[in-house]
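Analysis of the macromolecular model
Residues per chain, in single letters:
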Amino acid sequence: MNLIRSELLKIRSTNTWWVFALITLPLWAVTLFFNYVSSQFLADPEIREGLSPEQVAQLEVAADPLNISANLYTNGSFLGVMIVMLLGIVVVTSEFFHQTATTTFLTTPRRTTVVLGKLVAATILGALFWLATTALNLLVTPMILASFDLSSQLDQGAVWQAIGLNGLSYLLWAVFGVGFGVLIRSQLGATVTGILLYLAGYVGAATFLSTLANRFGDWINNLQLLVPALASQLMTTGTDLPGQPPRWSGAVVMVGYAVLAGVVGTLIMRKRDIS
């Protein structure tokens, strides 16, 4: 417990946490605007004109009040989990950036304990960011749904499942960040690489798999589970979407990736020379 407090103190004693917090708020607002516009688009029956029966079926599922609500109640998760991943990276790389790693490991010789402390501290930070964005979503989303003549949908279990799975994704991406920070010690290098891999991986994989699915069939969409950013987004849908893997499969894959990142990060930290 003392080690976890120490790790959290290291974050609080720098400008890192509030810089990320200030970045998160405008990103949340921007994504809320786009989610509001997309929800309006889905609610418009005229957009179904001229589409194939398969496309109409997909739009009708996406326009289901449960899916619209789940998307709004988990607003900000796409960029929010990336911010949490970067915080996880900083939890590790700040030790090398500020040259405190040697002192840390001399104070706590068991490196596994140190890594576990960083993992717990990172997940606590991830939970705090999730709680903050979820509180905002719970405040704003009922008003948006009311403008669409929809109820708050908070009496639906699927909505709360999406909110809960969104929280799980925040925790898992925090673990990813710690593992990534162990692999690349440079704070700048790890941060830039993490952002590029997350954003480019999401856009590139989504475009590539969509192209293949149009040519070879919807079964190709199951491959999105191999891409953490896509698997994470799959977790927050209100219902299972046509041609897409079920939500639970995204959660299972993400947990597997997080466990792998945590184990590999711990093993590397135990073997690597710190000085």
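For the structure, check the block above.
A brief report on the enclosed structure follows. Only a predicted model underlies this, so the values are computations on that prediction, with no experimental measurement involved.

The next thing to look at is the environment of Lys118. As for its placement among the helices and strands, Lys118 is situated in helix α7 (residues 111-147). Taking the C-alpha atoms as reference points, Lys118 and Val91, separated by 27 residues in sequence, lie 6.6 Å from one another. In this structure the side chain of Lys118 is engaged in a polar contact, spanning 3.4 Å, whose partner is the backbone oxygen of Val91.

What follows is about helix α2 (residues 16-43). Look at α2: 40 Å from first C-alpha to last across 28 residues, which is about the 40 Å you get at 1.5 Å a residue. Within α2, the full set of buried residues consists of Thr16, Phe20, Thr24, Trp28, Thr31, Leu32, Asn35, Ser39 and Leu42.

By size, the foremost hydrophobic cluster in this structure holds 51 residues, and its most contacted members are Phe20, Met85, Phe129, Trp173, Tyr198 and Met254. Elements that contribute at least two residues to this core include exactly α2, α4 (65-73), α5 (77-97), α7, α8 (157-183), α9 (187-216), α10 (228-234) and α11 (247-271). Apart from residues no more than four positions distant in its own chain, Tyr198 is found in contact with Ser77, Phe78, Val81, Met82, Met85, Trp173, Ala229 and Gln233.

This brings us to the layout of surface pockets. Roughly 380 Å³ of internal volume is contained in the second largest pocket. The wall of the second largest pocket is formed by 18 residues, among which Trp173, Phe176, Phe180, Leu197 and Pro228 lie closest to the centre. Looking at the lining of the second largest pocket, the elements with two or more residues in it are α8, α9, α10 and α11. Partitioning the lining of the second largest pocket into residue classes produces 14 nonpolar, four polar and no charged.

Among the secondary structure elements, Thr141 is positioned in helix α7. At a separation of 3.3 Å, a polar atom in the side chain of Thr141 contacts the main-chain carbonyl oxygen of Leu72.

Criteria and thresholds
- Residues numbered from 1 in each chain as written.
- Predicted model: local features only at pLDDT ≥ 70, side-chain atom pairs only at ≥ 80, totals over all residues.
- Heavy atoms only, no water.
- Helix = DSSP H or I, 4+ residues; strand = E, 2+ residues; numbered from the N terminus.
- Polar contact = N/O pair within 3.5 Å; in protein donor to acceptor, adjacent residues only side chain to side chain.
- Expected span 1.5 Å × (residues − 1).
- Buried < 20%, exposed > 50% of the residue type's maximum accessible area, 1.4 Å probe, protein only.
- Core = buried A, V, L, I, M, F, W, Y, C linked by side-chain atoms within 4.5 Å.
- Contact = heavy atoms within 4.5 Å.
- 1 Å grid on protein atoms, 1.4 Å probe; cavity = no way out; pocket = protein on both sides within 12 Å on 5 of 7 lines; lining within 4 Å.
- Points joined across faces, edges and corners; volume = space filled by probe spheres on them.
- Nonpolar A, V, L, I, M, F, W, Y, C, P; charged D, E, K, R; others polar.

In short, the description is geometric, and any link to function would need to be established separately.
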